Structure formats: C-alpha cells, structure tokens
Amino acid sequence: MAKKVKVKRVGFAIDMTPLVDITFLLLTFFMFTATFKTQAESEQKFVIQRPATSPSDTSKLPDRDLATIKIAIDTATFDTVYYYEVINETDRLTIWQNTQGIEPEMMTKAQLPVTKEMLDELVRNTRLVNSTTLFAIDADKRLRFEYINDAMDILRKNRATVFSYVTDKQQ
Amino acid sequence: MAGGGQISRGSRPKRGKATRREPKRVGFSLDMTPLVDITFLLLTFFMFTTTMAAPQVLDMTIPPEIDVEVEVRESELLSIFVRDDNKIFWAKGSDDPKPIVLKDIQALSERENLDPAVRNKLIVALKVSKDASYGPIVQILDKLNLAEVKITEEIAKELDENGEPKKRERRFTIAIQTEDEIAKLQEVQ
C-alpha cells in the first residue's frame, strides 16, 4: 500500500473471550451429559407409552445385570408383542445360544420378539446364567392387564419374585 | 474467564512503540455479565431436566406360586377391585363393593390401614379384571405406595415389646378377579 488510508471507524470493541468460554463450556457439558441409546433402543421400531407415576418414587433402572420383558403394541398391526432384552452382552450371547427358536441372524440383536413359551425359557436361562440379574417389565399403559399378568406369572414360575415396572415421571 | 465489562478507552500501550496513541473511539463496550448469567441459568436448567427424563421404576415383590389357599379373616381384608371398564371399587371384608376414584385411594389405604382394629395386620388385595388397562392399575399401585409413607410413620410411633419402634408389616397382593367377583361387580353400577 503506497498510501495509508486512515479509515474512520466507529469503535465497536466487543471482547469475544467470554462468549467463546461459555460456548466451550456448554459444549463440554452436553458432551458429558448426552446419554446414548442402548443397543436395544436403537434397534427397536416401536414406542412404549409407559404409565405415569408420581415423582416421589426415585428408584432408577439399573444399567447392568438387567433383563427386561417389554410388552408393546405394534405400530402397524396393533398386535401385542412381547420382547425380551438383556443388557449384559456376554450373558446375552450365552442365553440366546441356549434358547431354542432363535434364528441365527437374530443372535446379534439385543432384544428379540418372542412368544410366551420362548419367554419362559429365556427367563429360566437368564437366571441360570446370571442369578443376580434383575428383571423389569416395561409395558404400554394401554394394554389389557392379562398380558402383564402372564408376564408376571412367567417370572413367578421361575422364582423371579422381585422385579420392577418401568414407568414415566408424571408431569 | 475474562470479564467483558470494561469501560475501555482504548488506551493500551502498543508493543514496539514508545508513544501511546489515543485513537478517538466511540466507546461501545458491551457488558457481558448478563449474558454469562443467563447462560449459566440455561446450563443449570438443562442439567436438572436431563436427569429427570430417565425412566423410573416401581418396585414389585410378588409371592411365589400359591398352591395353598390362605385363610383370611374378613375383618382383616380390604379389597380394591378394578373392573374391565377401569372403574375402581372397594370393599371391606365381604361387604358390597362401593365405587371410588383414583385420587381417594391414598386416603382409603391410610384410613383402613391405621384403623385401630387391624393396625398393621390389614391385608390389601388388588383384584383386577383381565381386560382392565395396565396404566390405571400402575397408578393405583403408586397411590398405595404413597399411602405407605404415612402408615409407616404412624406405626413407628408405637413401641413394641423391646421398646423399639414398630416395623410396618405390609400385606399386599395383586391378582386376577375370580368369576364370582366379576359377577358381583357387574351388578354395581
């Protein structure tokens, strides 16, 4: 530049440092608190509308050593379908291998659609493989109680008498 | 974190120059404090709401296979019925079922469980129709659990033989209705 042109500028001196600081903080925060869907949740195509309970009960679902019986209403056919999910991967593989009626391509899945007989066998195998597994029933609130009662009977027969219902917090 | 609210006159000495230049600037220095405040508020808000979104559980304990019929004294039995149209009824012993609403269940349980005649001995039976919806049933279970708080508190006010506060012995069962019960409930409006 031959000539230095002095441009008359109105001074807008905004210090961007705090903005950047906060942005990074928020980013780190959301990175740490983002909960990822479990393998089962990402595979499933149905949505279970859980019943609502009061917020005073604060027990949470364990994230290990858990087997869930899910009873959902199929979005297309409106049939009631039972699903079975085991969280521990090593246990799951053993249980899937020991149960009849599971096709080879379903072996890698985290949750399976099952019949009541398969459910009985699965629960029994789960207790054999890992006796500390906790059970939960995650059912849609619109279902007739007899489906849940059948699931409870299966748990009762296999001596899993302590289990939990999965619910949503009431707004 | 650098504070952003400074009243700047732009008079920082530049490196390499001996003289301080004082460029005439219209001072538009923005005070960033409220921005930081709101951001922290948002942050805390999201912190609290993400933990609340986790699914809750309602713990259940059921008896193993019941092969033997258990004798129950009429006076020690409180039955709560859920009919196939999801209407709720209650009966003490073998009285006729009376209708009741969900929000009164907690008061019912507290009242009957703390009745001096059957204190800590009352058996609560939830008899459900096969065709009743699961959602309302869970809400009844929830209300009964809420009632347990007050009941346990009241029971603990008494002392037993060893001088310790009495422990709450909850007797609760959930089962499908029998044919008789279904018939009896159809008669009630």
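What comes next concerns the included structure. (Residues numbered from 1 in each chain as written. Chains lettered and ligands numbered in written order. Predicted model: local features only at pLDDT ≥ 70, side-chain atom pairs only at ≥ 80, totals over all residues. Heavy atoms only, no water.)

Moving on to the overall build of chain A. Counting its regular elements, chain A contains 5 helices and 6 strands. The helix and strand sequence of chain A, counted from the amino end, reads α-α-β-β-β-α-β-α-β-α-β. The burial tally for chain A puts 41% of its 171 residues in the buried class. Counting contacts in chain A only where the partners sit at least 6 residues apart, residues at least 24 apart contribute 68% of the total. For chain A, the computed accessible surface area is about 10300 Å², with 56% contributed by carbon and sulfur atoms. (Helix = DSSP H or I, 4+ residues; strand = E, 2+ residues; numbered from the N terminus. Buried < 20%, exposed > 50% of the residue type's maximum accessible area, 1.4 Å probe, protein only. Contact = heavy atoms within 4.5 Å. Areas by Shrake-Rupley, 256 points an atom, 1.4 Å probe, with all protein chains shown as cover.)

Chain B puts 48 residues into the contact, and the matching count from chain A is 50 residues. When the two sides are added together, the surface that chain B and chain A hide from each other amounts to roughly 4600 Å², 65% of it contributed by carbon and sulfur. For chain B, the biggest contributors to the area lost against chain A are Gln56, Val57 and Tyr134 of chain B; these three give 20% of the whole. The interface formed by chain B and chain A holds 1 salt bridge in total. Ionic pairing is found between arginine 144 of chain A and aspartate 131 of chain B, a salt bridge with its closest N-O pair at 2.8 Å. The interface formed by chain B and chain A holds 11 residue pairs in polar contact (both at pLDDT 80 or more) in total. Of all the secondary-structure elements, those providing two or more residues to the side of chain B that touches chain A are α1 (33-52), β1 (56-61), α3 (134-155) and β6 (171-176) of chain B. Looking at the side of chain B that touches chain A residue by residue, the classes come out as 31 nonpolar, 11 polar and 6 charged. In terms of strand pairing, strand β6 (residues 162-169) of chain A meets β1 of chain B through 6 bridges, oriented antiparallel. In the sheet register, threonine 167 of chain A faces β1 of chain B, and the bridge partner there is glutamine 56 of chain B. (Buried area = accessible area lost by both parts, 1.4 Å probe. Salt bridge = Lys/Arg side-chain N within 4 Å of Asp/Glu carboxyl O. Polar contact = N/O pair within 3.5 Å; in protein donor to acceptor, adjacent residues only side chain to side chain. Nonpolar A, V, L, I, M, F, W, Y, C, P; charged D, E, K, R; others polar. Pairing = 2+ DSSP bridges.)

It is worth spelling out empty space enclosed by the protein at this point. Residues and elements named next belong to chain B. A full pass over the atoms with the stated rule returns 2 cavities of 30 Å³ or more. Of the pockets and cavities examined, the largest cavity occupies roughly 50 Å³. Lining the largest cavity are Ser109, Asn113, Leu122, Val124, Leu144, Glu148, Arg168, Arg170, Arg171 and Phe172. Listing elements by their share of the lining of the largest cavity, those giving two or more residues are α2 (105-113), α3 and β6. For the lining of the largest cavity, the per-class residue count stands at 4 nonpolar, 2 polar and 4 charged. Reported here for the second largest cavity is a volume of approximately 30 Å³. What lines the second largest cavity is simply Thr61, Ile62, Pro63, Phe172, Thr173 and Ile174. Sort the elements by how many residues they give to the lining of the second largest cavity and β6 lands first, with 3 residues. Across the lining of the second largest cavity, the residue classes break down as 4 nonpolar, 2 polar and no charged. (1 Å grid on protein atoms, 1.4 Å probe; cavity = no way out; pocket = protein on both sides within 12 Å on 5 of 7 lines; lining within 4 Å. Points joined across faces, edges and corners; volume = space filled by probe spheres on them.)

Counted under the stated rule, the structure contains 4 aromatic pairs over all chains. Relative to tyrosine 165 of chain A, the ring of phenylalanine 163 of chain A lies with its centre 5.8 Å away and its plane at 80°, an arrangement referred to as edge-to-face. The pair phenylalanine 163 of chain A / tyrosine 165 of chain A is uniform in exposure class, with both members buried. Aromatic side chains tyrosine 165 of chain A and tyrosine 134 of chain B sit 5.5 Å apart centroid to centroid with 75° between the ring planes, which places their arrangement in the edge-to-face category. (Phe/Tyr/Trp six-rings, centres within 6.5 Å; stacked < 30°, edge-to-face > 60°.)

On to the pattern of salt bridges, then. Within this structure, the stated rule accounts for 20 salt bridges over all chains. A salt bridge links arginine 83 of chain B to aspartate 85 of chain B; its shortest N-O distance comes to 3.0 Å. Taking the relative accessible area as the measure of exposure, arginine 83 of chain B reaches 8% and is therefore buried. Taking the shortest distance from any N to any O, the salt bridge between glutamate 112 of chain B and lysine 92 of chain B comes out at 3.7 Å. Residue glutamate 112 of chain B is located in helix α2, and its partner lysine 92 of chain B is located in strand β3 (residues 88-92); the two are separated by 20 residues in the primary sequence. An identical accessibility class is assigned to glutamate 112 of chain B and lysine 92 of chain B; each is buried. Here the salt bridges do not stand alone but share partners, grouping Arg144 and Glu146 of chain A together with Asp131 of chain B into one network.

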